[in-house]
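# Chain and residue survey
Single-letter residue listing:
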Amino acid sequence: MTTLATTVATTRPARRRRVLPRITPLDILSIVWVIVLLIFAVVPMLWMLSTSLKGQFAALQQPPEWIPSHPTLQNYITLLSPTGDVGPVFLRYFLNSLIVSLATTALGVLVAIPAAYAFSRFRFPGRDILFFAVLVRNMFPVVVFLIPLFILMRTLHLVNTYWSLILTYMTFGLPLSIWLLKGFYDNIPEELERAARIDGASRFKAFWLIIMPLSSPGIIATAIYAFIGAWNEYVYALTFLNSESLLTLPVGLQHFFTEFATNWPGLMAAAFIMSVPVVVLFLLLQRHFVRALTEGAIKA
Amino acid sequence: MTVRRPHRATLADIRRHRTDYLWIAPALLVMILVIGYPFVYTIDLSFYDTPPSSPNWYFNGVDNYIQILSDKSFWAITLNTVYWAVGSTVFAFLIGLGAALVVQRDFIGRGLLRGLLLIPYVISYVAAALIWRWLYHSDYGLISGTLYDLYLIDSNINFLDSTSLVMPSLIVANVWKEFPFAMIMMLAGLQTVPQQLLNAARVDGAGAWQRFWHVTVPYLRGVILITTILLFVGNLNSFVLVWIMTGGGPANASQIWITQVYTLAFQSLQYGRASAYSVILFIVMLGLGFFYVRALTGGRAREAR
């Protein structure tokens, strides 16, 4: 009681002081720091955008033009028009990326949900060991698995198909998905299912009707993670696919780069288009996304 | 505790819980196929000499390992790897923590600032690598050009083609990409620091720095540990940025373990050697993983208390 009283007594003058705009050295330091931080984080992206709005000649101007004096959308039109040399190829890459990422996300979530639920609720023998094994996956260098996986995909006749990528991305995403979802399930009180079970629902029915609706934020977050991971992946796509019509954007962009080595504006426009879906998705669902990532950290 | 259950109960236990396994079966199945099998295969392959360097696969014991470890370039690459991983981790962490400390405060436009700072984290490594290649471009790059304009340099700098500048340049790009991750983690951690405790310290006359160092940091120890370990392991595994920006060059100045594995496997086609390299990498990660899991479970034990 006494401590509370003193706290209240001492914070009151402090609060009154805050009404007057008194700027402390710490505030100035913070503002300077925020500006430095913003420059560091944002300028590279603005530069990508600015370059993508320039013609080839303007992009190579020295000193560099921060804001293009003759902005043009030509690079975007070239990339996105379904006719012409570049457009159809680029749109094909985009579509491939979309197919692979959506399939990965759907399958990944479908497989991760029951596993995460089981790890959260059931106490079967080997549970701890298995969960540990799932977590340790994060320690594996992905590049290491390229050779054996390539051989595996060849035996399964999956090389040069979407499925080779979908299967790989889905599996590599699983540990994180399971971990994130388990965090959400751990936070849902078990009494809810118990009540349903007492009312005669089966374990699956209790899960389906009670837990699934409650965990939808977790599912959304997990899905975003899976999607972004698949959308951005490069190394496996580079190795597993060799037919031009199947390439995903990150690899396609690399092709684009070697073919049009000097066309920086075109390349920046392509990089921008590639970033749009993930950035938009992320900004729309920022809250879920951040929450999912921090779920583990808060608990630790 | 549950792991050390007596053996005799296990079989009956398994039978009693057999439907439980159905829930994890699909996940387990694909993980055995896509992770378990390649893992065993890699270890096996690391003890063989493979074609093209020999006509057939033949078992050569630990020869691959000996050759790797006795190769002079291995230690140079190891040094690069440490430089890369430690440098990236330290700076990404410090900048992320600094960002979290400002974004945590209440002000207009906080959400916008947070969103802007997080964007580098979501875009792909390929896009990031291309953007930074363009920024570092020796003739037309923004960085070189701007420094020249400000009379800070008198000739263009070739960031990625200089053996001394290439690693710092790559680390800057990498820090740009991953500091937001540290920011989110620390932001989450900061929310767990009890406000009353900070207020109490303020009442007792502790300055901002003292409050941060003596109240906030001890509270965040677990999160700091997990964040840095995740960053570090991520950096050891980080392939794309280095590969697209420099390919390990110039003259191996930016060659790190993971790019070396790729080069061995897909350019020299020495699968056996590359596998041995991978196993070494894996052992190092396993050591780190041990600390990681201990940090995680240590945190859980504290929560239970």
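Residues numbered from 1 in each chain as written. Chains lettered and ligands numbered in written order. Predicted model: local features only at pLDDT ≥ 70, side-chain atom pairs only at ≥ 80, totals over all residues. Heavy atoms only, no water.

## Some thoughts on the overall build of chain B
When helices and strands are counted, chain B shows 13 helices and two strands. Relative to the 2.2 N^0.38 estimate, which gives 19 Å for 305 residues, the radius of gyration of chain B is 24 Å and therefore markedly larger than a compact globule would have. Taken along its principal axes, the extent of the C-alpha atoms in chain B is 70 × 70 × 35 Å. Across the 305 residues in chain B, those meeting the buried criterion constitute 52%. Here the analysis covers contacts within chain B between residues at least 6 apart in sequence; of these, 66% occur between residues at least 24 apart. On chain B, roughly 14700 Å² of surface is accessible, and the fraction owed to carbon and sulfur atoms is 64%. Taken together, the 20 basic and 14 acidic charged side chains of chain B have centroids lying 17 Å from each other. (Helix = DSSP H or I, 4+ residues; strand = E, 2+ residues; numbered from the N terminus. Rg over C-alpha atoms; globule rule 2.2 N^0.38 Å. Buried < 20%, exposed > 50% of the residue type's maximum accessible area, 1.4 Å probe, protein only. Contact = heavy atoms within 4.5 Å. Areas by Shrake-Rupley, 256 points an atom, 1.4 Å probe, with all protein chains shown as cover. Lys, Arg positive; Asp, Glu negative; His and termini not counted. Charge placed at Lys NZ, Arg CZ, Asp CG, Glu CD.)

## Some remarks on the interface of chain A and chain B
Every contact between the two is made by 96 residues of chain A and, on the other side, 99 residues of chain B. Summed over both sides, the interface of chain A with chain B buries roughly 8800 Å², with 80% coming from carbon and sulfur. Here D20 of chain B makes a salt bridge to R203 of chain A, at a shortest N to O gap of 2.7 Å. At the boundary of chain A and chain B, one finds nine residue pairs in polar contact (both at pLDDT 80 or more). Top contributing element to the side of chain A that touches chain B by residue count: helix α2 (residues 25-52) of chain A, with 16 residues. (Buried area = accessible area lost by both parts, 1.4 Å probe. Salt bridge = Lys/Arg side-chain N within 4 Å of Asp/Glu carboxyl O. Polar contact = N/O pair within 3.5 Å; in protein donor to acceptor, adjacent residues only side chain to side chain.)

## Remarks on the side chain of R121 of chain A
All names here are of chain A. Tracing the backbone shows R121 in helix α5 (residues 87-121). Among the residues examined, R121 registers a relative accessible area of 9% and is labelled buried. Within polar-contact distance, the side chain of R121 engages the backbone oxygen of Y185 at 2.9 Å. With residues up to four places along the chain from it excluded, the contact list for R121 reads Y185, D186, I188, P189, E190, E193 and I211.

## Brief notes about the packing of aromatic side chains
Taken as a whole, this structure holds 40 aromatic pairs over all chains when the rule is applied. Geometrically, the ring pair formed by W243 of chain B and Y262 of chain B is edge-to-face, given 4.9 Å between the ring centres and 65 degrees between the ring planes. Of this pair, W243 of chain B sits in helix α11 (residues 240-245) while Y262 of chain B sits in helix α12 (residues 257-266), and the two are 19 residues apart along the sequence. Ring centres of F266 of chain B and Y271 of chain B lie 6.5 Å apart, and the angle between their planes is 70 degrees; this geometry places the pair in the edge-to-face category. On the basis of relative accessibility, which here comes to 25%, the residue F266 of chain B falls in the partly exposed class. You can call Y271 of chain B partly exposed: its relative accessible area is 26%. Within the aromatic cluster, the residues linked to one another by ring pairs are Y117, F122, Y185, F204, F207 and W208 of chain A together with W23 of chain B. (Phe/Tyr/Trp six-rings, centres within 6.5 Å; stacked < 30°, edge-to-face > 60°.)

## Focus: the side chain of S97 of chain A
Assignment of secondary structure puts S97 of chain A in helix α5. The contact partners of S97 of chain A, leaving out residues within four places of it in the chain, are W231, T248, L249 and P250 of chain A.

## Quick word on the confidence of the model for chain B
Residues and elements named next belong to chain B. When pLDDT is averaged across chain B, the result is 84; 91% of the residues are at 70 or more. Here helix α1 (residues 8-16) is the element of chain B with the lowest mean pLDDT, 70, and helix α4 (residues 72-104) is the one with the highest, 93. Note that residues 300-305 has pLDDT below 50 and, in this model, two contacts with residues that lie over four places away or in other chains. Here the predicted complex scores 0.85 on pTM and 0.83 on ipTM. (pLDDT = per-residue confidence, 0-100.)

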